[in-house]
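Listed below, chain by chain, are the residues.
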Amino acid sequence: MPAVLASKTSTPAQGWHDVFDADGEPRPQYATLLNHLRELRPKELRNLDERMQATLREMGVTFDFIREMPWGQQPWICDLLPQIFTVAEWETITRGIAQRLRAFEMFLQDAYGSKSILRAGVLPIQPVMGSPLYQLPAVGLPCVQEAFLHLSGIALVRLDDGSFAVKHHQFGHASGISYMMQNRRALARVLPDLFRDVSVQSLVNAPLAITAQLRGASAASAHEAGIVLLTPGAGSALYSQHSLLARRMGVPLVQGGDLLVLDDRVYLKTVKGLARVEVIYNRVPDDMLDPLVFNRSSRLGIPGLTHCIRKGSVKLVNGIGSQLADDRSLQSMAGRIVRYYLGEEAILPSLETLWLGDLDAREMVLDDPARYDIRRSHEDDLGASPDTTLSRRELLQQVENDPGSFVAQPREAGARTICFEKSRTIEGRADYLIFALRAGDRYEVLPSALTRVFVRESTRSAKLGWISKDTWVPETAAPADPPRLPARRSLAERPPTLEVTSRVAEAFYWMGRYLERAFQQAYLIQVIESLETEELNSAERRHYRPIWSQLLPPLDKKVAGSSRRSISNPTDRYHLMLFPGPGSVAAMVGRVIGNAESVQECLSPEAWATLSHLLAGFQKTRFRKNAAPSDIVRMTRRMSELATTLIPQFFAVSAMTMIADDAWRFCVIGQMLERAIVTGNAVLSIDRILPARFDVNSIEAHHLEIELSAFLRLLGTRDAYRRVYQMRAEPVPVMELLWQHPEVPRSVLRCLARCVELLSKSASSRSLGAGQALEALEALCDRIRQIDWNDYIEYIDTDPDAPGAGAVSHSRRQPKRELTVFLGDLLSRTHSIHGLISDGFLNHQAHIAQSLAPKAKGPRAA
């Protein structure tokens, strides 16, 4: 049994411990939880820890420092033991946060206004006017409801006596709200019994409260306001939490390239055209928001946004310039700011913070640098431990070169607490990120926090820097009023518009294509493995094998250096499944995950969980160059089974749990187009075995029947053929089945007709390109319906008197056109549908403004 679960734990007398008192006894608020955990054996604790990690992975909660490769994510870590505040502690916290927000709101208005605090000499000029977070264009710029701060965060720590102090602000950019909410969901799923005997304030209304505040910022009718969450994009380490928050709020997550300014207004580029945007919740740094005003090289913002804010046609939350309140150099002066504007002493004092622009403070820190955490004054620390940013020597050199840009705080600040890791307990120091929302003239503190425990000896937190905890506020504390949203019009009168950006639709489109491509290749591998080892004798394999490799779609020579691959032996199939290069199932899954991550807010949690299982499978089973033959076969079979099981499961689960909007429609469109292309390519690949003349009674007809049956088996349509035709496999019925049948899932006609149906729902009458794409698709469908395959394959009968011969024979005639050329033309026209879809729906606004957003990952893994 872990020592911490014993009835009494010895702790040093100095400092504060969140879980145990000075005598080593559990504090009252933790006694029930520790009693519950005391009953568990080490193995049970390890299982719970593993379940927590699996749950967070299925929920899509990650923290990504480098997102170039989908395998390189950092998993989010949540501890089994929550952080608990008492009622009295929480009341002090809420009063102190509200006081500090009021003071800093007045400070921001003054700093971008009359600057009376500087004129009075209360603050030095350099930390304010010289801060890289001070934005001169914000002077005179309108603010939402005449306030800079609407959604803010603040990091607290405990002092040695248990009182709270402010470590730093996140007033301009509050990072971690969605992580706080996901921690609660994960802990409730893994350990629901913990909540049985403890009344904890709920977080269910938090996303609704944020949405209500954003709607209230719009001058338009509240239920019609166009609201978006602006993110730096998939390259940001915080993109996962932006996605989660946008999904919980129910608003589009957009990047700079998704928006454009036209006629002094901001518009969202959607599949159906341009949609007006009235409110932007901003998560992009101020100096990257508008390349016409700030950083001209920025590819994250919207050119002309500042002009629209000045015109009042769009509202930005939080306002430009609000991030000045996050400058750490102001922490040492926060008490003076509170006294100057409110005439009060700070309820929550600042943690000792030394601004190194002050000579005395700098000398104190440099005399004993190991005692301090030294940071840039404008650095957001949510993503990294201070020790991982720079080497100590490099950091001190930068301090000497530019001391005014750095601050220092005591390294051992914060209360000690415990975390569980593999059934053992480890100890670290904690801070608490708490979030507040402006409601009229007051501030409402969300009833929880993102608790972070900095545990240096932890193996799990080595890269992230810390372990997170769910944070409980007792129900007996005064609950916040539930948010009130204006009632929407009835659906019969006017259904709400579901805006989907062209970028999101493109990502879903490529998800559909790569999922279908991966499924078909994995299915082909799975069938061949079965035929090789279980079903076929040596004579039958001689008929099957010639067409196996021909069914693989050709690779782009520019990418792979080869246009044809092999699937004829176990090693080839192993490479096709797991080799990290282009064309393998593993590479296709990587493309799927990359695109899914960029639109995670649009995926249901259930759909994401399916993709997470698929990703986890390929993460666990990597390509090994020198794998033993038995391992090659085993891994190939296991991964092909995983892909052919989970990919259809993803489509089924998504269809049941996701809104059938433009995003999901384009995923299905991608799937259907890819299936049509694969089918057309497969038919063209066997053109050499299709005769110009077919003698139904020849020995060649018998051999051809075996080959065509093998072909249908490899495409998963042999049983469908027999059910439809009740006859042996012959060329013309096979061509009809795969190209023209309106009900067979693999039929090219059915797939393209489904594309027409879905695209019609996404088409806008204002888009010329959409109309052209639909016309071309419908024309191709009509052309396929009219094909008479007897014009290309002549049936002859060497025994006209044979019973039933007249049913399949035709008069002798020469084929009108050579079959290979005709199939190649049909396949080329099917391929061209991709360009029409891109021009008509995904890139149809390129003539208005060039998108600066990163493109979805598409053709490179063709």
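Quick note: structure is the one above.
Everything numeric in this text was worked out from a predicted model, so none of it was measured.

**Q** Looking at this structure, I do not really get the nonpolar core. What am I missing?
**A** When a protein is soluble and globular, its nonpolar side chains tend to lie buried together. Residues Leu603, Leu611, Phe650, Phe666 and Trp789 are the most contacted members of the largest nonpolar core, which totals 113 residues. If one sorts the elements of this core by residue count, helix H13 (residues 502–535) sits on top with 17 residues. Each residue touching tryptophan 789, except ones within four places of it in the same chain, is listed here: Val732, Met735, Glu736, Trp739, Gln740, Leu819, Phe822, Leu823 and Leu826. Membership of the second largest hydrophobic core comes to 73 residues, among which are Tyr134, Phe164, Leu348 and Tyr432.

**Q** Help me out: how do you make sense of the sheet that holds strand S10 (residues 273–277) in this one?
**A** Strands belonging to one sheet form pairs held by backbone hydrogen bonds; the direction of such a pair is parallel or antiparallel. In space, the 3 strands of this open sheet follow the order S8-S9-S10, with antiparallel pairing throughout. The sheet terminates laterally at strand S8 (259–262) and S10, the two strands that pair on one side only. Going across the sheet, the axis of each strand differs from the next one's by a mean of 45°, ignoring polarity.

**Q** Just to check I follow, could you spell out helix H20 (residues 662–685) for this structure?
**A** A turn of α-helix holds 3.6 residues, and therefore any two residues three or four places apart point the same way. Taking 1.5 Å of rise per residue, the 24 residues of H20 would be expected to cover 34 Å, and the 34 Å separating its terminal C-alpha atoms lies within 8% of that figure. Among the 24 residues that make up H20, 23 are buried, leaving the element largely enclosed by the rest of the structure.

**Q** Could you clarify how one ought to interpret the packing of aromatic side chains in this entry?
**A** Any aromatic ring pair is given by two values, namely how distant the centres are and how the planes are angled relative to each other. Enumeration according to the criterion identifies 25 aromatic pairs in this entry. With a centroid separation of 5.9 Å and an interplanar angle of 70°, the aromatic rings of phenylalanine 104 and phenylalanine 107 are classed as edge-to-face. In this pair, phenylalanine 104 and phenylalanine 107 are both assigned in helix H3 (residues 87–111), 3 residues apart and thus about one turn of the helix distant. In this structure, phenylalanine 104 and phenylalanine 107 share a single accessibility class: buried. Where tyrosine 721 meets tyrosine 725, the ring centres are 5.0 Å apart and the plane angle is 40°; that geometry is what we call tilted. Here the residue tyrosine 721 and the residue tyrosine 725 both occupy positions in helix H22 (residues 718–725), the gap between them amounting to 4 residues, near one helical turn. Per residue, the accessibility class of tyrosine 721 equals that of tyrosine 725, and both read buried. Each residue in the set Phe85, Trp90, Phe164 and Tyr432 is aromatic and connected to the rest through ring pairs, giving one cluster. Lying across the ring of tryptophan 16, arginine 27 places its NZ or CZ 3.9 Å from the centre. Between the NZ or CZ atom of arginine 452 and the centre of the ring of tryptophan 466, over which it lies, the distance is 5.3 Å.

Criteria and cut-off values
Residues numbered from 1 in each chain as written. Predicted model: local features only at pLDDT ≥ 70, side-chain atom pairs only at ≥ 80, totals over all residues. Heavy atoms only, no water. Core = buried A, V, L, I, M, F, W, Y, C linked by side-chain atoms within 4.5 Å. Buried < 20%, exposed > 50% of the residue type's maximum accessible area, 1.4 Å probe, protein only. Helix = DSSP H or I, 4+ residues; strand = E, 2+ residues; numbered from the N terminus. Contact = heavy atoms within 4.5 Å. Pairing = 2+ DSSP bridges. Axes fitted to C-alpha atoms, helices over the stretch in contact; angles between N-to-C directions. Expected span 1.5 Å × (residues − 1). Phe/Tyr/Trp six-rings, centres within 6.5 Å; stacked < 30°, edge-to-face > 60°. Lys NZ or Arg CZ within 6 Å of the ring centre and 35° of its normal.

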